[in-house]
Amino acid sequence: ARALTPQTAETDAIRFLVGTQSLRYDNQIHIIDFDDENNIINKNVLLHQVGEIWHISTSPADKGVLATCYNKTSDTKVMTCAAVWRMPKELESGSHESPDDSSSNTQTLELLCHLDNTAHGNMACVMWEPMGDGRKIISLADNNILLWDLQESSAKAVLSSSAALEGKGQLKFTSGRWSPHHNCTQIATANDTTVRGWDTRSMRQIYCIENAHGQLVRDLDFNPNKQYYLASCGDDCKVKFWDTRNVTEPVKTLEEHSHWVWNVRYNHSHDQLILTGSSDSRVILSNMVSISSEPFGHMVDDDELSDQEDQHQEEKIKEPLQDSVIATYEEHEDSVYAVEWSSADPWLFASLSYDGRLVINRVPRALKYHILL
């Protein structure tokens, strides 16, 4: 397995979706519900009979709707296609009841529409407009950016605009992210060693970070609280942080992994917390506080302090907190292809390795209280 996503629209229950990559069997989407109080994982399985799943993403507005990119094999070639699906009504919301035996027979996803890519090539990923009503999605296919409008309760996808990468050689997107800032009018894409920013209204390029990494760029993520900040990771084992207003140099570079870094994710609430997953089989949680929206920690109100404390506090406030690796998780025995924060609990995250192992972890309690208090 390599496809993992939180159920974005579900903000009460802790829930992740995992897509399988099996050559021999029907592929499946596993709906994973985590019962936080009892530390129990419940699982429901949905059949995804069209092929192995390479990417999965969920609607920000409708709990039941998701998109997948999957391999479709015909006699002569393999194509990566994309489609929008609806899960059965009774599975839309996260529930803590274990399915009883009678109801745990496998159900099938309902196909809402295909994102037709016959003219555009292989689909790399599908991104939903982050703050939207679930109607707008962008797919990256080979060297094309395609903006779709989902109509009639997502049963029809209309291509509303597109752009293409131009240049020498085989240009291909590897991944992309839709920025939650600037009224959701910007996306960032990765192709080869380059990161580019695009305006979705004009479909024009607005910035370009050439040679962002020494080798292929695998993943990107936007800082949810600081509008020009972007993280990237790649096959040079590095994670880099960029200010898109000045792209000549990264603001920071992390070099903690010993193999390709497949995934980088900002915490949705506390942007100093960064998760990365790599084919060195490790998940690393870092505290990048110096470039976060709270670089000086907790500011204390003047009224709370006596005079002696005052002096001492002044010095303390000016001392920025240090960036550090908080924890390295080594529960996986195979390449970690995906890491994701929960949409419902900011202190909880999941990681998925190729051998199909899903691990759920929490931010260490001491750090949680350090951030909150």
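Keep in mind that this is a model prediction, so the values were computed, not measured. (Residues numbered from 1 in each chain as written. Predicted model: local features only at pLDDT ≥ 70, side-chain atom pairs only at ≥ 80, totals over all residues. Heavy atoms only, no water.)

## Remarks on the sheet that holds strand 26 (residues 336-341)
Here comes step 1: The strand order across the open sheet built from 3 strands is 26-27-28, with neighbouring strands paired in antiparallel fashion. Edge positions in the sheet fall to strand 26 and strand 28 (358-362), since each of these pairs with one other strand and no more. The average undirected angle you get between the axes of adjacent strands in this sheet is 20°.
Here comes step 2: Pairing of strand 27 (residues 348-353) with strand 28, which is carried by 5 bridges, proceeds in the antiparallel orientation. Pairing of Phe349 across the sheet is with Asn361, part of strand 28. (Pairing = 2+ DSSP bridges. Helix = DSSP H or I, 4+ residues; strand = E, 2+ residues; numbered from the N terminus. Axes fitted to C-alpha atoms, helices over the stretch in contact; angles between N-to-C directions.)

## Topic: a nonpolar patch on the surface
Here comes step 1: Residues Tyr369, Leu372 and Leu373 make up a contiguous nonpolar surface patch of about 340 Å² in total accessible area.
Here comes step 2: Within the secondary structure layout, Leu372 lies in helix 2 (residues 365-372). (Patch = residues over 30% accessible without salt bridge, like charges linked within 9 Å, V, L, I, M, F, W, Y side chains within 5 Å. Areas by Shrake-Rupley, 256 points an atom, 1.4 Å probe, with all protein chains shown as cover. Salt bridge = Lys/Arg side-chain N within 4 Å of Asp/Glu carboxyl O.)

## Observations regarding the sheet that holds strand 19 (residues 229-234)
Here comes step 1: Here 4 strands make up an open sheet; going across it, the order is 18-19-20-21 and the pairing antiparallel. Two strands lie at the open edges of the sheet, namely strand 18 (217-222) and strand 21 (252-254), each paired on one side alone. Taken pair by pair, the neighbouring strands of this sheet meet at an average axis angle of 20°, ignoring direction.
Here comes step 2: Where strand 18 meets strand 19, 5 bridges bridge the pair, whose relative direction is antiparallel. Considered in strand 19, the bridge of Leu220 is made with Ser232.

## Considerations on the side chain of Gln186
Here comes step 1: Mapping Gln186 onto the fold places it in strand 15 (residues 186-191).
Here comes step 2: Those residues in contact with Gln186, other than ones at most four positions away along the chain, are Trp178, Ser179, Trp198, Thr200, Ile206 and Tyr207. (Contact = heavy atoms within 4.5 Å.)

## Quick word on the confidence of the model for the protein
Here comes step 1: Looking at the protein, pLDDT values average 89 and 90% of them are 70 or higher.
Here comes step 2: Within the protein, no element has a lower average pLDDT than helix 1 (residues 307-318), which sits at 52, and none a higher one than strand 27, at 97. (pLDDT = per-residue confidence, 0-100.)

## Re unusual backbone geometry
Here comes step 1: Unlike most non-glycine residues, Glu152 shows phi in positive territory, near 45°.
Here comes step 2: Relative to the elements of secondary structure, Glu152 occurs in the loop between strand 12 (144-151) and strand 13 (156-164).
Here comes step 3: Not every positive phi belongs to a glycine, and Asn211 is a case in point at roughly 45°.
Here comes step 4: Tracing the backbone shows Asn211 in the loop between strand 17 (204-209) and strand 18.

## Concerning the nonpolar core
Nonpolar side chains in soluble globular proteins tend to end up buried together.
Here comes step 1: Counting residues in each nonpolar core, the largest one holds 17 residues, and the members touching the most others are Val84, Leu115, Met123 and Ile137.
Here comes step 2: Elements with a contribution of two residues or more to this core: strand 6 (65-73), strand 7 (78-86), strand 9 (110-115), strand 10 (123-128), strand 11 (136-141) and strand 12.
Here comes step 3: For Val84, the residues in contact, after removing those within four places along its chain, are Val65, Leu66, Ala67, Glu110, Leu111, Leu112, Cys113, Leu115, Trp128, Ile137, Leu150 and Ser154.
Here comes step 4: Core analysis: the next-biggest nonpolar cluster, separate from the first, contains 16 residues, Ile53, Leu66, Met87 and Leu91 among them. (Core = buried A, V, L, I, M, F, W, Y, C linked by side-chain atoms within 4.5 Å. Buried < 20%, exposed > 50% of the residue type's maximum accessible area, 1.4 Å probe, protein only.)

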